[in-house]
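Read off the chains here:
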Protein chains: 2
Amino acid sequence: MNKQILKELRAILGKDSLLTAWEERACCSYDATGQSFLPDAVALPETTEQIAALVRLANEYRFPVIPRGAGSGATGGALPVKGGLVISFNRMRRILEIDTANMIAVVEPGLVTGELQAALKQHGLMYPPDPASLKFCSLGGNAAECAGGPSAVKYGVTRDYIIGLEAVLATGEIIKTGVRTEKGVVGYDLTRLLIGSEGTLALFTKLILRLLPLPAAKSTFLLSFSSLAEATKLVAEILSAGLLPCTLEYMDRTAIAAVRSRLSSPPAEDVAALLLVEFDGSTDEVAQQSKQFTAFVEQKNNCSLRQAANEEETTELWQARRSISPAVLSLRPHKIAEDVVVPRSNIPDLVAFLERLADELQLLILSFGHAGDGNIHVNIMLDKSNKEEHQRGLQAKERLFRFVLSLGGTLSGEHGIGITKAAFLPLEINPPTLELMWRLKQLFDPNGILNPGKVFPDLPVT
Amino acid sequence: MNKQILKELRAILGKDSLLTAWEERACCSYDATGQSFLPDAVALPETTEQIAALVRLANEYRFPVIPRGAGSGATGGALPVKGGLVISFNRMRRILEIDTANMIAVVEPGLVTGELQAALKQHGLMYPPDPASLKFCSLGGNAAECAGGPSAVKYGVTRDYIIGLEAVLATGEIIKTGVRTEKGVVGYDLTRLLIGSEGTLALFTKLILRLLPLPAAKSTFLLSFSSLAEATKLVAEILSAGLLPCTLEYMDRTAIAAVRSRLSSPPAEDVAALLLVEFDGSTDEVAQQSKQFTAFVEQKNNCSLRQAANEEETTELWQARRSISPAVLSLRPHKIAEDVVVPRSNIPDLVAFLERLADELQLLILSFGHAGDGNIHVNIMLDKSNKEEHQRGLQAKERLFRFVLSLGGTLSGEHGIGITKAAFLPLEINPPTLELMWRLKQLFDPNGILNPGKVFPDLPVT
């Protein structure tokens, strides 16, 4: 990035809002993939108009523009893989409006998801999507990847709550999409086209969110099974019975083993699966659902059931699930973390496949996650410095993807494609559909400046 | 349409599947707008490949292709306004699969919504969207317009239940979008871009639907108010209290007057608004919600409350709401029927505006509909043969739209734009956003063969 460009960037931003020192650029070089690519500069805009000006400049000089929320993405969406200018939303994190009567909020994209949730709580309101990273991830990043979380089984994902956008196109125009009402079908649904587009079609500058009333009560259960198949069968039965938990998470045998030493009361050695189940709603509703659920489970008579009596016990029941991410990296220094989705009824097939795969490729593979919607987190553990092991890991990843697709599943439920899955996109998306997506990309971003190298398969697998 | 085209159409379809007689074409000339445009021919394809071949031919000879479900649309989406070939989905109405374990169905677009719902009931499952026309409208049409219905307040609209599509592009390629799992974020969200695109971007040939368990119970309440403002205030309070009805419909004073003579037990003369409220769920849940709701309403002490004790009384409580559409056309021969949406808290403002507008323009205007999500049906009654009255009606429509937008609302919640609102699109969508939509249309349909004259403002207002 030459001096002329930097000078023009400073003219748009003011000199305190353009970072060029190595240390500053390094801070925007990484994300949760563990990979790192240094940008040429980092912009800290405060207004939509500044962003539009930055994008126009990028078109003029043809440098890449990489939108960055909190850098917590799991597939490389925020990585400046081809250098260029990172546009950080760190100074655009205001809550612009909370309309309690209509249960609508308008926010800037840099706002941390958990901060919004805390602010809404004061008003008795809730924004449901709850990615594991909610204490530090940004709503703009959530929108770019269409983030999910445990509550998706009851409440759905980011696309179900973002109803309108202000966005800067890759060509510099400022568009306004969607509505600030519950319903709206006027013109093409640009809002949902942009949600999940991973920063490749436009930069979000405002988000309009629909909210729900904050549930008054919650109950938490932990179920221990000696058979994973029994656990996943129960998941389908719970949902078919009309019970609608707001959490329905499972952990397989390997995941349990990984966290065992960290638990205050670890499960018995023969436990092959854990299910964490929660209900929320009014006090009466939760009491009624809990009663119905307990009766349902006891009648099955194939697991042991614990219900949390208070906040402290709730934290204890969540301990195993919450320990997985920190625990796994003590097993092996690196992981290939995938978030595949299979039809719920195929979860046992997937887990059996993973056990065979781990055996065959001599790898530690564990699975856990959102059993209720079939969105399974698979962690393939390895040491990347061992090239041969890394190769086996990549082989496992490809075989996992092919198996998931053979079950009618999909490569990602909430992480997106980014760079880590881009090479596999053609496994899932057929040629005319992929061609159409690529033509959309070219329509939106004729000079290819916006987050280049993402989603489409033109980079090596990592 | 010349003989050569007809010959090639017959070669694709077989001679029994191409209709060219006037009577046959007339059957595909109208929809619920009351307008009529004769197509040159009607195709009755049975396969995706036939549709792809038809579309390729249309590109070669540049004739319009108009997809048609059941012709029940309210904004002219299925009208062959520029002649051409109607592609009727009348012979593509199969349920291809009901996967009860994963609560997924795969259907053809010609299937009638109510027929699917009846079939699912046998499996204890539900497809929630319930447009008023559900006994005769098609799922393909619902997808094209993103149909809603009373249950949207609890369950959402068509876009929340269609998770994948097979579609034929305007250039003849067959694409497959989305997933058959609860979650999925792989590539751009073409599914939701196509839902609500009103037949202008692609022709749907298969729909993948997510389903819910059929609720075991339902309770129905009718509330009578002497003040509409009190009724709509209660709507917001009900939802903010965490009560989630599956029906939350209102009728204003004029709508009540219109149906009065048709009711077995008409409301008292001083009733200014009716609210129809239903809860569904498990028997326990419904009992609990009904109890909470009754206590909530009685504490307000500003309305009279009736609960249906049985199926017969439920039908009676629905009688007023269900009578509106047949009743209004006995008041005046024609109506301009709009489905605007305003923030819930602004419903009283909208209704007060409508009363002023009716006075000022000397028109009969009534409103009713989905108070829970602010999606209000406004019927401007008139006799179109009286040109001066028709002009006043069109004036009322434009003033309605401008007022709705001034409240932060939107022109359509579930009917779409079609031809009847196309001229007003620029009131809601700003120039760069509309320009982007138009460029999308050109990308998808370079020769403009697919449902021309719809959505974009190039036709006179009707």
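Values in this document were obtained by computation on a predicted structure and should not be read as measured data. (Residues numbered from 1 in each chain as written. Chains lettered and ligands numbered in written order. Predicted model: local features only at pLDDT ≥ 70, side-chain atom pairs only at ≥ 80, totals over all residues. Heavy atoms only, no water.)

Enquirer: What am I meant to see in the relation of the copies chain A and chain B here?
Expert: Comparison of the two chain copies shows a relationship of rotation about an axis with a shift along it. Mapping chain A onto chain B calls for a screw motion: a turn of 180 degrees about the axis and a shift of 0.0 Å along it, with 0.0 Å RMSD after fitting. Taken together, these values place the two copies in the relation of a two-fold axis. Mapped onto chain B, 100% of the interface residues of chain A again fall at the interface, so both copies present the same surface. (Least-squares fit on C-alpha atoms with pLDDT ≥ 70 in both. Contact = heavy atoms within 4.5 Å.)

Enquirer: Got a minute to help me understand the environment of Arg392(B) in this structure?
Expert: All names here are of chain B. On the secondary structure map, Arg392 appears in helix 13 (residues 387-406). C-alpha separation for the pair Arg392 and Glu24, spaced 368 residues apart in sequence, amounts to 36 Å. If we skip the residues at most four places from it in the chain, Arg392 touches Leu361, Gln362 and Leu363. (Helix = DSSP H or I, 4+ residues; strand = E, 2+ residues; numbered from the N terminus.)

Enquirer: Sorry, what's going on with the nonpolar core here?
Expert: Note on soluble globular proteins: their nonpolar side chains tend to be buried together. Core analysis: the biggest nonpolar cluster contains 193 residues, and Leu440(A) and Leu440(B) have the highest contact counts within it. In this view, Leu440(B) contacts Tyr188(A), Leu190(A), Leu193(A), Leu440(A), Leu443(A), Phe444(A), Leu193(B) and Leu201(B); residues no more than four positions away in its chain are not counted. (Core = buried A, V, L, I, M, F, W, Y, C linked by side-chain atoms within 4.5 Å. Buried < 20%, exposed > 50% of the residue type's maximum accessible area, 1.4 Å probe, protein only.)

Enquirer: Sorry if this is basic, but what is going on with the domain arrangement of chain A here?
Expert: How big an interface is tends to be expressed through the accessible area that disappears when the partners come together. Residues and elements named next belong to chain A. Domain boundaries in chain A define domain 1 (3-88), domain 2 (95-213), domain 3 (217-325) and domain 4 (327-406). Of note, the centres of domain 2 and domain 3, computed from C-alpha atoms alone, are 30 Å apart. Where domain 2 abuts domain 3, roughly 570 Å² becomes buried across the two surfaces, and 60% of that area is made up of carbon and sulfur atoms. If you sort the residues of domain 2 by the area they bury against domain 3, Pro150, Val153 and Lys154 come out on top, with a joint share of 84%. Along the contact surface separating domain 2 from domain 3 lie one salt bridge. Close ionic contact of Lys154 with Asp280 constitutes a salt bridge, the shortest N to O distance being 2.7 Å. At the boundary of domain 2 and domain 3, one finds two residue pairs in polar contact (both at pLDDT 80 or more). Split by residue class, the side of domain 2 that touches domain 3 holds three nonpolar, one polar and one charged. (Domains from an automatic or database assignment. Buried area = accessible area lost by both parts, 1.4 Å probe. Salt bridge = Lys/Arg side-chain N within 4 Å of Asp/Glu carboxyl O. Polar contact = N/O pair within 3.5 Å; in protein donor to acceptor, adjacent residues only side chain to side chain. Nonpolar A, V, L, I, M, F, W, Y, C, P; charged D, E, K, R; others polar.)

Enquirer: Sorry if this is basic, but what is going on with helix 13 (residues 387-406) of chain A here?
Expert: A turn of α-helix holds 3.6 residues, and therefore any two residues three or four places apart point the same way. All names here are of chain A. Taking 1.5 Å of rise per residue, the 20 residues of helix 13 would be expected to cover 28 Å, and the 29 Å separating its terminal C-alpha atoms lies within 8% of that figure. By the burial criterion, the buried members of helix 13 are Glu389, His390, Arg392, Gly393, Leu394, Ala396, Lys397, Leu400, Phe401, Phe403, Val404 and Leu405. Taking the backbone nitrogen of Glu388 as reference, a side-chain oxygen 3.2 Å away marks Asn386 as the first, capping residue of helix 13. (Expected span 1.5 Å × (residues − 1).)

Enquirer: Quick question: what am I supposed to make of the sheet that holds strand 8 (residues 162-169) of chain B here?
Expert: Through backbone hydrogen bonds, the strands of a sheet pair up, either in parallel or in antiparallel fashion. Residues and elements named next belong to chain B. Ordered in space as 5-6-10-8-9, the five strands form an open sheet in which the pairing is antiparallel. Each edge of the open sheet is held by one strand with a lone partner, namely strand 5 (95-99) and strand 9 (174-178). With strand direction ignored, the average angle separating the axes of adjacent strands in the sheet is 15 degrees. Summarising the sheet, strand 5 and strand 6 (residues 104-107) pair through four bridges and their orientation is antiparallel. Among the inter-strand pairings, Glu97 is bridged to a residue of strand 6, identified as Val106. (Pairing = 2+ DSSP bridges. Axes fitted to C-alpha atoms, helices over the stretch in contact; angles between N-to-C directions.)

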